[in-house]
Amino acid sequence: MEEKTFRDLGLSEELLAALDKKGYAYPTRVQQEAIAPLMDWKDVIAKAPTGTGKTFAFGIPMISHIDAESDDLQGLILAPTRELAIQICEELRGLLAYYKNIRVAVVYGGQKIDVQIKNLKRKPQIVVATPGRLMDHYNRHTLRFDKIQTVILDEADRMLDMGFFKDVTRILDKIKNRRNMGLFSATISQEVMTVSWMYQRDEVEITVPADVENKPDIDQYSVTVPALEKEAAVLRLLRLFGFERVIIFCNTKHMCQRLCDDLKRAGVEADCLHGDIKQSVREKTMQTFRQGKLPVLVATDVASRGIDVDDVDCVINYDIPEENEYYIHRIGRTGRAKKKGVSYAIVGSFPEKAKLDEIAKYSHFQIQPMKLTENGLEKEEVRQPVIKKRFR
């Protein structure tokens, strides 16, 4: 496919200026393939891996279609989790940097409804929402669906898998004047196909394989240390490389909190995200991390769902994840938007090494073993097994 610039896609000067400010000149493959049909009011069903720029792929056409002179709600984006909804809203606000009269609001469960009602009174033309809270606002008549032109379902597979099928179809049934609809998903599940069949017409199908072009460019390393020295190894890595933005993953809430507290005591500017932390505190922590004011974020897998920050320097797996997919999801937080990333897995026991070997085999990743020495990190020579030849 011929590589186009964003200017080649016929975008407004305001959008081009916002993209230029963010340092983006070339669209990713999903953006290149999805923007044009969505701009032409066509339905789109797109399967693309995480980290390939799906938000801009639907956000740019939606913003292009908004009538800024009208106060009507014209664009709706549904997301499965509040963290993702907040993230999408932030990214859209970045794209709207040079627009004066286009407003975007986010509504989700877990935040006081009065705050959201106040935001909706400002008449946003775009709303990002989780399905349950959106229906709550609809029933309270704090927003209307009759002027919505474009509906986007982001991470549609996860949303429908999480039991939102009835909520989503109820919402879509109420949007009578929709002109087009986009389904964006990492996998196309049976539920996604059903929603497409029910609500889309002559849809443009886009499939972006997880190939070399869009696979994150991540150097992956493992560091084996005695179990009681894992924390010291993390501190060594942080001080050795001076990363500006790091995410450290733990398997449990308890370990996440403990590691965060220990890192703070060691003088590291760190904070944590896990299920026991109040939503308002999680949002504040996430905001600080996105703004680059927090260098180290310690998180569990559950809390990591909304971490879509384009310039995470490094991911450290303090615990080896229990599921193969979790590893892929974790390290995918770095190496985004065509930037290079690095990940370290801290291995403290034989079962952890066996699990990491299984992950490498499952995902076809090359994970280079390293060892911590007085001089820093050095490659660990992997001994090849001696194959005895049998003479006949």
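Residues numbered from 1 in each chain as written. Predicted model: local features only at pLDDT ≥ 70, side-chain atom pairs only at ≥ 80, totals over all residues. Heavy atoms only, no water.

Looking now at the overall build of the chain. Looking only at helices and strands, the chain features 13 helices and 15 strands. Here the C-alpha radius of gyration of the chain, 23 Å, is about what a compact globule of 392 residues would show, namely 21 Å. The C-alpha extent of the chain, read off along each of the three principal axes, is 75 × 60 × 40 Å. When each of the 392 residues of the chain is scored for burial, the buried share is 52%. Counting contacts in the chain only where the partners sit at least 6 residues apart, residues at least 24 apart contribute 73% of the total. Total accessible area on the chain is roughly 19,800 Å²; 48% of this is exposed by carbon and sulfur atoms. (Helix = DSSP H or I, 4+ residues; strand = E, 2+ residues; numbered from the N terminus. Rg over C-alpha atoms; globule rule 2.2 N^0.38 Å. Buried < 20%, exposed > 50% of the residue type's maximum accessible area, 1.4 Å probe, protein only. Contact = heavy atoms within 4.5 Å. Areas by Shrake-Rupley, 256 points an atom, 1.4 Å probe, with all protein chains shown as cover.)

When two helices pack together, you describe them by how their axes are tilted relative to each other and by the distance separating the axes. Helix α8 (residues 190-199) packs onto helix α7 (residues 156-174) with a crossing angle of 20° between their chain directions and a minimal axis gap of 9 Å. In this view, α7 runs roughly parallel relative to α8, as classed from their interaxial angle. In this structure, α7 crosses over α8, and the sense of that crossing is left-handed. Here A156, D157, L160, F165, T169, L172 and D173 of α7 lie close against α8, whose contacting residues are E191, V192, T194, V195, M198 and Y199. Tallied by class, residues from the contact of α7 with α8 come to 8 nonpolar, 2 polar and 3 charged. (Axes fitted to C-alpha atoms, helices over the stretch in contact; angles between N-to-C directions. Parallel < 35°, antiparallel > 145°, perpendicular 65-115°, else oblique. Left-handed = near helix turned anticlockwise from the far one by under 90°. Nonpolar A, V, L, I, M, F, W, Y, C, P; charged D, E, K, R; others polar.)

What follows deals with the side chain of H65. Position of H65 among the secondary structure elements: in helix α3 (residues 54-65). In terms of polar contacts, H65 uses its side chain to reach the backbone carbonyl oxygen of M39, at 2.9 Å. Sequence-distant contacts of H65, defined by excluding residues within four places in its chain, comprise L38, M39, W41, Q74, Q149 and T150. (Polar contact = N/O pair within 3.5 Å; in protein donor to acceptor, adjacent residues only side chain to side chain.)

Before going further, it helps to examine the sheet that holds strand β1 (residues 44-47). Spatially, 7 strands are ordered β3-β4-β2-β5-β6-β1-β7 in an open sheet, and the strand pairing comes out parallel. Two strands bound the open sheet, and with one partner strand each, they are β3 (104-107) and β7 (204-207). Mean inter-strand twist for the sheet, computed between neighbouring axes without regard to direction, equals 15°. Examined bridge by bridge, strand β2 (residues 75-78) and strand β5 (residues 150-154) share 4 bridges and lie parallel to one another. Of the residues in β5, the one forming a bridge with L78 is L153. Each of β2, β5 and β6 (180-185) touches α7; the most contacted strand, β5, lies at about 155° to it. (Pairing = 2+ DSSP bridges.)

Right, let's get into the packing of aromatic side chains. By the definition in use, this model includes 7 aromatic pairs. When the ring of Y138 is compared with that of F145, the centres are 4.4 Å apart and the planes differ by 20°; the resulting orientation is stacked. With a relative accessible area of 2%, F145 lands in the buried category. Lying over the aromatic face of W41, R179 brings its terminal NZ or CZ to 3.9 Å of the ring centre. The ring of Y318 has K230 lying over it, and the distance from NZ or CZ to the ring centre is 5.2 Å. (Phe/Tyr/Trp six-rings, centres within 6.5 Å; stacked < 30°, edge-to-face > 60°. Lys NZ or Arg CZ within 6 Å of the ring centre and 35° of its normal.)

In space, the 8 strands of this open sheet follow the order β10-β11-β9-β12-β13-β8-β14-β15, with mixed pairing throughout. In this open sheet, the two edge strands, each paired with only one partner strand, are β10 (270-273) and β15 (376-379). On average, each strand axis in the sheet is inclined to that of its neighbour by 30°, with strand direction left out of account. Where strand β8 (residues 217-224) and strand β13 (residues 340-347) come together, 8 bridges link them in parallel fashion. The residue of β13 that forms the bridge with T224 is V347. Against the sheet, helix α11 (residues 279-290) makes contact with β9 (246-249), β10 and β11 (296-299), and its axis sits at roughly 130° relative to β10, the strand it touches most.

This part is about the environment of P37. With respect to the helices, strands and loops of the structure, P37 is situated in helix α2 (residues 29-39). Of the residues examined, P37 reaches a relative accessible area of 9% and is grouped as buried. Expressed as a C-alpha distance, the spacing of P37 and P61, which sit 24 residues apart in the sequence, is 8.9 Å. Every residue in contact with P37, bar those within four places of it in the chain, is listed here: K42, V44 and V204.

Another aspect to go through is α2. Taken as a whole, α2 has its buried residues at V30, Q31, Q32, A34, I35, P37 and L38. Buried residues belonging to α2 abut β1, α3, β6 and β7.

Turning to unusual backbone geometry, a few remarks are in order. In this structure, H141 is a non-glycine residue whose phi angle is positive, near 60°. One non-glycine residue with positive phi stands out, namely D202, at about 45°. Checked against the element boundaries, D202 lands in the loop between α8 and β7.

When the terminal C-alpha atoms of helix α9 (residues 230-241) are compared, their 17 Å separation across 12 residues agrees well with the 16 Å that a helix rising 1.5 Å per residue should span. Along α9, the residues that are buried comprise K230, A233, V234, L235, L237 and L238. Just downstream of α9, G242 is the residue with a positive phi angle, here 55°. (Expected span 1.5 Å × (residues − 1).)

At a minimum axis separation of 11 Å, helix α1 (residues 13-22) and α3 run at an interaxial angle of 150°. In terms of their interaxial angle, α1 and α3 are classed as roughly antiparallel. Residues L15, L19 and K22 of α1 pack against F56, I60, I63 and S64 of α3. Its residues placed into classes, the contact of α1 with α3 shows 5 nonpolar, 1 polar and 1 charged.

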